[in-house]
Amino acid sequence: MSGVHLTVHARSDVGRVRTNNEDAFLVSDLETGARLDLPALQVDVGERGILLVLSDGMGGHAAGEVASALVVESLRRSLSEPAADHSSLQRLINGAVHRANAEVKEAARAADKHGMGATLTAMLVHDRDAFVAEVGDSRGYLLRAGRLRQITRDQSFVQALVDAGVLSREQAKVSSQKNVVLQAMGRDDDVQAAIGRLSLRRGDRLLLCCDGISNVVHEAELTSLLGDPATACDRMIALANERGGADNLTAVVAHVEGDGLPLPADEERVTQTLEVLQEYGGLPSARAAEPTPAAEPTPAAEPAPAVEPDPPALAAADPAPEAGEGGSSRAWWIAALVAALGLAALLVSRLLS
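Quick summary incoming for the structure in this document.

Procedures and definitions
Residues numbered from 1 in each chain as written. Predicted model: local features only at pLDDT ≥ 70, side-chain atom pairs only at ≥ 80, totals over all residues. Heavy atoms only, no water. Helix = DSSP H or I, 4+ residues; strand = E, 2+ residues; numbered from the N terminus. Buried < 20%, exposed > 50% of the residue type's maximum accessible area, 1.4 Å probe, protein only. Contact = heavy atoms within 4.5 Å. Areas by Shrake-Rupley, 256 points an atom, 1.4 Å probe, with all protein chains shown as cover. Pairing = 2+ DSSP bridges. Salt bridge = Lys/Arg side-chain N within 4 Å of Asp/Glu carboxyl O. Axes fitted to C-alpha atoms, helices over the stretch in contact; angles between N-to-C directions.

This paragraph deals with the overall build of the protein. A count of helical and extended segments in the protein gives 8 helices and 16 strands. Per-residue burial over the protein gives 55% buried out of 353 residues. At a minimum sequence separation of 6, the contacts of the protein that also span at least 24 residues come to 77%. Working note: accessible area of the protein is about 15,200 Å², and carbon and sulfur atoms make up 53% of it.

Bridge count for strand 9 (residues 139-144) against strand 10 (residues 147-150) is 4 bridges, and the pairing is antiparallel. Among the inter-strand pairings, L142 is bridged to a residue of strand 10, identified as R149.

Moving on: the pattern of salt bridges. Note that side chains of opposite charge can pair when their charged atoms are close. For the structure shown, the criterion picks out 15 salt bridges. Here E221 ties to R243 by a salt bridge, and the two come within 2.7 Å at their closest N and O atoms. In this pair, E221 is assigned in helix 6 (residues 219-225) and R243 in the loop between helix 7 (229-242) and strand 14 (249-257), connecting sequence segments 22 residues apart. Look at R243 and you get partly exposed, because its relative accessible area is 22%. Through salt bridges that share partners, R11, D13 and D234 make up one connected network.

A few words now on the sheet that holds strand 1 (residues 5-13). Across the sheet, which stays open at both edges, the 6 strands sit in the order 4-1-14-13-9-10 with antiparallel pairing between neighbours. Of all strands in the sheet, those bounded by a partner on one side alone are strand 4 (40-44) and strand 10. Each strand of the sheet is rotated relative to its neighbour by a mean of 20°, with strand direction disregarded. Summarising the sheet, strand 1 and strand 14 pair through 9 bridges and their orientation is antiparallel.

Interpretation in functional terms is not warranted from these geometric data alone.
Rendered as structure tokens:
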């Protein structure tokens, strides 16, 4: 035994605008391959680990539900197979992601499911580490010693513009293009998962959430809510619904404890405990998620977030410094041009698919 245990809470809600919930999530003990009962449980981390996974479906009607359910179930099945080789978890996870992508792609051949896809964000807690995998723009966060850190980077069109210094983070939050993801499970023949390994510390809080939450709940608020894992999911969803509930809302929170883990050191930064194993480095032609009504920005001033200041993990370096007044004007023209080209490429790809 690893001397590590998790207390997990999870919840999903349809929101206040959508008529069906296209999100899916699960928690599984890979020792047995069984799904674990939620919304709350306590579980020891056994030899093969505990899987936390969230998927946000896209495609409309029942197709998004099908895609996300396929993603989480395929990942659970692949990682819990008795013959699975756990000597290289990076290779095992990568193979499981590719298999799930192929299953969704095959299912999308049906006429009523054509074009469906889903995001994937997963954490495999194994021994004293958490292996993080991402495809799309659902997010993974770490709260450690009172400081919040996003440990995934959105594989989205607006994030690419932020990385290029064309948009600021504030502009990205209200961009009409924020639902455009650069890759999704089942949309193409292949995917490139971003994979990292996080060395855990006693007291860590792990969060997986869909963009229905991350788009409207500020990081400072997430920091505060994660202070009480038992109520975090309910309060996140309630807050997102208060702000319109424009999308499905799903959160999985795990509190990491156990004598097998070291306490966080005061001088230790998250980047010292996070190793990027495999980056998502490409910018393929953008594909849009199911259009989501944009949530109105909250009129209240956003509190200063307690966010780890290092660059986000599993991706490229931080964006360049923002341009001055003239540069800002040019940046918007560039953003408009890039957005137009991206949408044109999207329309062509949809017409040809």
